[in-house]
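Single-letter residue listing:
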Amino acid sequence: MVPIVLFMTLAVFLLSSLVPGGAVAALLEGRPTSSAQIEFLTAKYGLDRPLHEQYLSWLTGMFRGDLGRSFRTSQLVTDMVGERLGITIWLNVMGLVLAVAIGVPLGVVAALNRGSRLDRFVVGVSIFGSSSPAFFVAIFFLWLFAQNLGWFPLYGAGGPALWSRLWHLTLPGIVMAVAPMGLIMKVTRASMLDEIDQDYVAFSRARGLRERRVILGYGLRNALIPILTAAGLIFVGLLTGTVFVERVFGLPGLGNMLVQAVITSDLPVIQGLTLIIGTWIVVANLIVDIMYAVVDPRITYDKTK
Amino acid sequence: MKQVMFRRLLVLALLCVLPLVSLSAAGRAETGDDGGEESLHLEWAVSTSPDTLFAPTYFNSPIGSGIMGLIYDNLLVYTGDNELQESLAVSWEATSPTTYRYTVREDAVFSDGTPVTVEDVAFSFRFHNDPNLGSRQAFLFEDVVSVTTEGNDVIIELAEPDSSWKFIPTHMGAYILKQSHVEANFDSYGTPETLPIGSGPYMVEEFVPDSHVSLVRNPRYWGDPPPFDTIRFPVIPDDQTRLLAMRSGEIDGTFNVPPGALQQWDQVAEIVQATAFIFRGLTIDMEDDPFDNIHVRRALYYATDRESIVAGLFAGTAVAATTLDPPEMFEGVLSDAEVEQGYGDLAVFEFDLDRARQELAQSKVPNGFSMTINVPDGSQAAIDITQAVQETWGQIGVDVDLNLMPGGPRFQLILDHGPSLGVQIIGNLPDVPDPAILPYQYYHSSQAARNGNNSSKLKDPDIDELLDAALTATDPAESARLSLQAQIEASQQVPIIPVLWSDFIFAVRDGWSMGPINGSSVSNTFVRAINPR
């Protein structure tokens, strides 16, 4: 896990450094300047040092818990990430939980009612959800639930109190869930359709087991592997959607921070975020792998085999 | 059995949704409670977070200077009526063309209760020239050779006369800093780690980057209290969300009204235009083939439909430009007749595709050519303008490929001054209302080198002479006259295609008004210009 994340930070560092121009030009924003000032800023940020020295310096700092200061905001990168990480995790977890909590039951219902109006309705909803552009959903929900109905605030993350955070982050969380929910519904429906046609389901029913146990205990459990795979991919993919949702709802999260950092070639912030996002992706995949084994005991990760 | 399953699953799904609905209903009441403090509170949306609240690490913008102008004080302020007014200085005079003396008021204190001393003022003017600090405002203070104190006076000595200097004390680069606080916390100054201490009418209560800045009234401020007890600047980057927030009354105003959505904004708010002298145009590398041929440059100018760009993309908030400085820049300095005469002498090539083709026919590329324009992807105005140009230039056989790039690397290309700068889209505004500033940046040969802004590479000794004289003239009228003459002479060579001049566009709550205000006075307590009713 650690080597993968470090490789990512190295790759991103090299790619960022290869971009012509960069941090100092971005900081100057087209304003009058002098060669002395440019040279000073270049030296101040260590950009005049060889690439390997720059990377090693960052790496050494990282192991000490120091990710440096942002070129743009002068803030410690660890502080910047710390302030924003909670919001982004909240949005992503909420998006995934809602998507699974609503998508799985509806997918099961659709599969159990194959060909019915209900099935067609659920399939329609899943297609609409998974194909709706995020910007449309975000603006529409904002207009409907925040402006017209007044149920939610229009912008901001609220105060530090849990209640305030809940109120401000619920609507963005729902927006995050819409597209993944459609995908989860589709995957669940397809997977359940495969399972309920299996012989073991017919045998279970013939043995007189309760329908609930047949469907949830056997059918859904066996259908969970592709759902877990989809959920893992969605959890990683949600990070991309966060950028847009944070922008529309005016939330100070990692997505907004990453966009600003890339625009301004703010290397310490880009590196810090690569570390966080890399860890995020690796951990998400690890959790999915563990869940596979939990759901299906036949799956093992025995090193001796 | 299936129906039972369905009902159970439906109940489960509803259980997930219902708590959210109940949460939302409770939240509405909270909004109402907050709304009760409207008369004393100002909620002013900004599209981006200020990088820092410290001028040396931040460039001028309505957002940064608008907020910082409430926290820090200046020796002088620039009023919305275009007048210089004493603020932290009780009086000032130019005792010689290169010497300025400011008498600092004795009753001013910083928001922490410590007095503002002449040493703090002197430090604030010396500070930017320290080569070890890398202040981004350093270019404003290049001419300063000494800053001394004498009693309650601060005396600033310049290396040579500078036509811009009288405005500099109003600029955000000349905010008065508390020396001991800055020196002790330089690396983190103006960040949430070290909130700034100023002597302005407000002090910072909270700064959460990318979220909001909250200010409260400074009870120790020496002057008249401004109209609001508290001010909050929420960061709302999305244009549509900002519009919805304005429509729903959650914000009282904003610095950021997109020109393309002006009609929508006009329906929900009072629109305020603040003269800002913003210039947008295209520079043409005069040493780069085929742009080294004046017929090619004229052809491109003729093929640029400036009026349509202004009407179609900027909804009446801009006017077609004919040079770098708009005529308003000369108001009160030169007579109307003189300004009219000067602008009449500019070489202007109005949109005419036939004449564009005729010019191109006289060049070595009579059938046109292909080129790339690098466009900063963060500037919608730059994207709009270059797309419009791409369309009309294509009609004379000039195929333009637009290459969207991040702003930093794109500007680095200009700073590098490589051999083929081609056509560059530029947007800029002078830091102070001095008509010599932009012409110097874009027409002086010293700027046609590495780290300079003159991306057309115009190198003309006559124009240099005019600009040098304009910058050092002590008579404002003489300086303005020389600057205008330099622009007239440059226009004959078509180093740039001027596209438009635009203003800042603000919005305030329907029923309120705002003004007088201009681009420079934004950085000096802009809230005083807001008139809530």
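From a predicted model like this one, the values you see are computed outputs, not experimental measurements.

**Student:** What's the story with the overall build of chain B in this structure? I'm lost.
**Tutor:** What chain B contains, in helices and strands, is 15 helices and 19 strands. Against the compact-globule benchmark of 24 Å for 533 residues, chain B has a radius of gyration of 26 Å, which places it among compact chains. Dimensions of chain B, computed from C-alpha atoms along their principal axes, come out at roughly 85 × 80 × 45 Å. Of all 533 residues assigned to chain B, the portion counted as buried reaches 59%. A sequence separation of at least 24 residues applies to 70% of the contacts in chain B between residues at least 6 apart. Counting only carbon and sulfur atoms, one obtains 48% of the accessible surface of chain B, whose full area is about 19,800 Å².

**Student:** Help me understand helix α8 (residues 306–313) of chain B, please; the structure alone is not making it clear to me.
**Tutor:** Residue pairs spaced three or four apart in an α-helix point in one direction, given the helix's 3.6 residues per turn. All names here are of chain B. Where α8 is concerned, the buried positions are Arg306, Ile309 and Val310. Taken around the axis of α8, the buried residues stretch over an arc of 95 degrees, which confines them to a single face. Exposed residues pointing more than 90 degrees away from the buried face of α8 are listed as Ala311 and Gly312. Once α8 finishes, Ala315 follows within two positions and takes phi at roughly 45 degrees, a positive value.

**Student:** Where do I start with the pairing of strand β5 (residues 99–104) of chain B in this structure?
**Tutor:** A regular strand places its side chains on the two faces of the sheet in alternate fashion. Residues and elements named next belong to chain B. Two strands pair when backbone bridges link them, and strand β4 (residues 89–96) and β5 are joined in this way by six bridges, in the antiparallel orientation. From the neighbouring strand, Ala89 faces β5, where its bridge partner is Val104. Between the end of β4 and the start of β5, which pair antiparallel, lie two residues. Taken together, the five bridges between β5 and strand β7 (residues 153–158) define a ladder with antiparallel strand orientation. Bridging across to β7, Tyr102 finds its partner in Val154.

**Student:** What should I look at first to understand the domain arrangement of chain A in this one?
**Tutor:** Interface size is commonly expressed as the accessible surface area that is lost when the partners come together. Taken domain by domain, chain A holds domain 1 (2–60) and domain 2 (86–264). Put simply, the middle of domain 1 of chain A and the middle of domain 2 of chain A, counted by C-alpha atoms, are 39 Å apart.

What counts, and where the lines are drawn
- Residues numbered from 1 in each chain as written.
- Chains lettered and ligands numbered in written order.
- Predicted model: local features only at pLDDT ≥ 70, side-chain atom pairs only at ≥ 80, totals over all residues.
- Heavy atoms only, no water.
- Helix = DSSP H or I, 4+ residues; strand = E, 2+ residues; numbered from the N terminus.
- Rg over C-alpha atoms; globule rule 2.2 N^0.38 Å.
- Buried < 20%, exposed > 50% of the residue type's maximum accessible area, 1.4 Å probe, protein only.
- Contact = heavy atoms within 4.5 Å.
- Areas by Shrake-Rupley, 256 points an atom, 1.4 Å probe, with all protein chains shown as cover.
- Arc of directions from axis to C-beta.
- Pairing = 2+ DSSP bridges.
- Domains from an automatic or database assignment.

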